[in-house]
Amino acid sequence: MFANGFKGKNVLVGLTGGIAIYKVCELIRKFKNSGANVKVILSKGAEKFVTPLLFASLSGQKAYTEEDFFKPTGEILHIELANFPDVVVIAPATASFIAKLASGQADELLLSTLLATKAPVYIFPAMNTNMWEHPATQRNIEILKTWGYRIYEPASGILACDTTGKGRLPEVEEIFETLQAHFVKKTLLNHKVLITGGPTKEYIDEVRCITNDSSGKMAFLLAKEAYYRGAEVYLIWGGKDLPGVFPRINEFLGIPYPKVFPVSTTKEMLEVAKRIFPKCRLAIFAAAPCDFRPKTAFKGKLKKQEVLTLDLELTEDIAKTLSSQKKPDQITIGFALENPENLEKYALTKKQEKNFDLIVANPISTLSAEISDFIVFTPKDKLYFNQVSKDYLAKVLFDLVGV
Ligand SMILES: Cc1cc2nc3c(=O)[nH]c(=O)nc-3n(C[C@H](O)[C@H](O)[C@H](O)COP(=O)(O)O)c2cc1C
């Protein structure tokens, strides 16, 4: 339980000769810092851009080049390297490399290793838009897909050749996350998961509103973890922009990309949640809905002197409303953000009142924090987590409810 996906895993990184090679330095560092055992092979083209010294230093291991391929050392290097990885990452992948692999060529160390390996291979192409769109490249990509290679389509944006279009290597974080997802057990395949996140807003007039400081980060991380576990994710989102991107792993997993439903008020959040909740295996109420709203929302913009007192009423209680519809096979998780003195007491009352299977009690300081203290009440236990990241907690919660 609670394992970091990369720890002890063998990752083989193949570098080929594209300008985006500079981004991969950071990627290798991230793999290494996450506990992976990383080996690097440079293609002939890659050696024209960089030297192996940099990658040996970053990975902490010898970085292999063409010079090593035919060395009379008594070992068969490409077979040793082919047997090493749990996963192979080719980034950036040039048009030339893709063409050679699609035609089964093995005249380089990297290509021979790829033909000999049984490990899953993720390929991140990066090139000029015209090169990407060329029928030869597109045909080669289709061939590789049919052979089970996981091709991560390039991103769109400004390219190194000063043009704009499709062909960029995705950001390092996105590549890293894609591989992170690879090592997550697909415990939620064929299940739907609902997550509410972010603050809601209640309008005083057409300009001003009551809201709160929730960043929605916890909900986003929970949505990501559910997606990595193979779930069909519905994120009902009251915040502004999401605090990150979901990597495009849906094609490899054969699942839909997470659906995000932007909402504004607590009532809107409830209406969307009501539609989605009945079909979900798991629902996580991680939003910070506004508990009060003005009884009257004024038209236009109030002048300073017009209103001095706001008449408020309670908004809908989303989790409580849905708890009455909860079926025996549905699991619900709630969050309680409370003052420290009554944190545990209020969290337990809330857990009972809303029929949650699990509740996370967190202090007010959690609102926009990266790390925090959490107390988790499971059906049987009370668990204390001191100063852990929201990312870590997100993974733990799924394990604790057994999905
Ligand atoms: C400055 C420069 C930048 C290049 N950038 C790319 C690129 O981003 N993508 C690509 O597919 N090819 C690019 N190429 C072409 C490849 O380097 C070339 O096809 C090379 O033979 C690839 O070798 P490899 O596949 O062994 O790495 C570039 C070439 C040069 C000179």
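On a predicted model such as this, the values are computed, not experimentally measured, just so you know. (Residues numbered from 1 in each chain as written. Predicted model: local features only at pLDDT ≥ 70, side-chain atom pairs only at ≥ 80, totals over all residues. Heavy atoms only, no water.)

1. So, the overall build of the protein chain
Line of reasoning, step 1. Helix and strand counts for the protein chain come out as 16 helices and 20 strands.
Line of reasoning, step 2. With the principal axes as the frame, the protein chain shows a C-alpha extent of 80 × 50 × 35 Å.
Line of reasoning, step 3. Long-range contacts, defined as pairs at least 24 residues apart, comprise 69% of the intrachain contacts of the protein chain with a sequence gap of at least 6.
Line of reasoning, step 4. A total of about 19,100 Å² of accessible surface is found on the protein chain, and carbon and sulfur atoms cover 53% of it.
Line of reasoning, step 5. One way to put it: in the protein chain the 51 positive side-chain charges average out to a point 2 Å from where the 45 negative ones average out. (Helix = DSSP H or I, 4+ residues; strand = E, 2+ residues; numbered from the N terminus. Contact = heavy atoms within 4.5 Å. Areas by Shrake-Rupley, 256 points an atom, 1.4 Å probe, with all protein chains shown as cover. Lys, Arg positive; Asp, Glu negative; His and termini not counted. Charge placed at Lys NZ, Arg CZ, Asp CG, Glu CD.)

2. Digging into the pairing of strand β14 (residues 282–285)
Line of reasoning, step 1. Residues L282 and I284 of β14 are buried on one face, and the alternating residues A283 and F285, pointing to the opposite face, are buried as well.
Line of reasoning, step 2. Relative to β14, strand β9 (residues 192–197) is paired through four bridges, and the arrangement is parallel. Within the sheet, the bridge partner assigned to T196 lies in β14 and is F285. (Buried < 20%, exposed > 50% of the residue type's maximum accessible area, 1.4 Å probe, protein only. Pairing = 2+ DSSP bridges.)

3. What to know about the domain arrangement of the protein chain
Line of reasoning, step 1. Its domain assignment divides the protein chain into domain 1 (10–182) and domain 2 (192–400).
Line of reasoning, step 2. Averaged C-alpha coordinates put domain 1 and domain 2 at centres separated by 39 Å.
Line of reasoning, step 3. Contacts between domain 1 and domain 2 engage 13 residues on the former and nine residues on the latter.
Line of reasoning, step 4. Buried surface at the junction of domain 1 and domain 2, both sides included, amounts to about 910 Å², of which 57% is carbon and sulfur.
Line of reasoning, step 5. Looking only at domain 1, the three residues that lose the most surface to domain 2 are Y152, E177 and A181, adding up to 46% of its buried area.
Line of reasoning, step 6. The tally of links from domain 1 across to domain 2 stands at two salt bridges.
Line of reasoning, step 7. Taking the shortest distance from any N to any O, the salt bridge between E177 and K224 comes out at 3.1 Å.
Line of reasoning, step 8. Linking domain 1 with domain 2 are four residue pairs in polar contact (both at pLDDT 80 or more).
Line of reasoning, step 9. When residues in the side of domain 1 that touches domain 2 are grouped by element, the largest group, five residues, is from helix α10 (residues 172–182).
Line of reasoning, step 10. Partitioned by chemical class, the residues of the side of domain 1 that touches domain 2 number six nonpolar, two polar and five charged. (Domains from an automatic or database assignment. Buried area = accessible area lost by both parts, 1.4 Å probe. Salt bridge = Lys/Arg side-chain N within 4 Å of Asp/Glu carboxyl O. Polar contact = N/O pair within 3.5 Å; in protein donor to acceptor, adjacent residues only side chain to side chain. Nonpolar A, V, L, I, M, F, W, Y, C, P; charged D, E, K, R; others polar.)

4. Remarks on the site of the ligand
Line of reasoning, step 1. Surrounding the ligand, one finds 17 residues, the nearest of these being G17, S43, T94, A95 and A126.
Line of reasoning, step 2. G17 places a main-chain nitrogen or oxygen 2.6 Å from an oxygen atom of the ligand.
Line of reasoning, step 3. For the ligand, an oxygen atom lies 2.6 Å from a polar atom in the side chain of S43.
Line of reasoning, step 4. Here the ligand, which alone exposes 650 Å², has 62% of that area covered by the protein.
Line of reasoning, step 5. Taken together, the elements giving at least two residues each to the shell around the ligand come down to α2 (44–49) and α6 (95–102).
Line of reasoning, step 6. The leading source of residues in the shell around the ligand is α2, at four residues.
Line of reasoning, step 7. Of the residues assigned to the shell around the ligand, the class counts are eight nonpolar, seven polar and two charged. (Near = heavy atom within 4 Å.)

5. Focus on the packing of helix α11 (residues 217–228) against helix α16 (residues 390–400)
Line of reasoning, step 1. Relative orientation of the contacting elements α11 and α16 amounts to 50°, with a least axis distance of 9 Å. For the element pair α11 / α16, the angle class is oblique. Helix-helix and strand crossings are classified by hand; for α11 and α16 the assignment is right-handed. When α11 is examined against α16, the residues K217, M218, L221, L222, E225 and A226 are found in contact with a partner set consisting of K390, D391, L393, A394, K395, L397 and F398. (Axes fitted to C-alpha atoms, helices over the stretch in contact; angles between N-to-C directions. Parallel < 35°, antiparallel > 145°, perpendicular 65-115°, else oblique. Left-handed = near helix turned anticlockwise from the far one by under 90°.)

6. Some points on the sheet that holds strand β12 (residues 232–237)
Two strands in a sheet stick together by hydrogen bonds in their backbones, pointing the same way (parallel) or opposite ways (antiparallel).
Line of reasoning, step 1. Strand order in the open sheet made by the eight strands is β13-β12-β9-β14-β17-β18-β19-β20, with mixed pairing throughout. Strands with a single pairing partner mark the edges of an open sheet, and in this sheet they are β13 (259–262) and β20 (382–389). For this sheet, the mean angle separating the axes of adjacent strands, direction not counted, is 15°.
Line of reasoning, step 2. Contacting β9, β12, β14 and β17 (331–338), α11 crosses the sheet at an angle of about 170° to β9.
Line of reasoning, step 3. Those strands touched by helix α13 (residues 266–276) are β9, β12 and β13, and its axis lies near 165° from that of β12.

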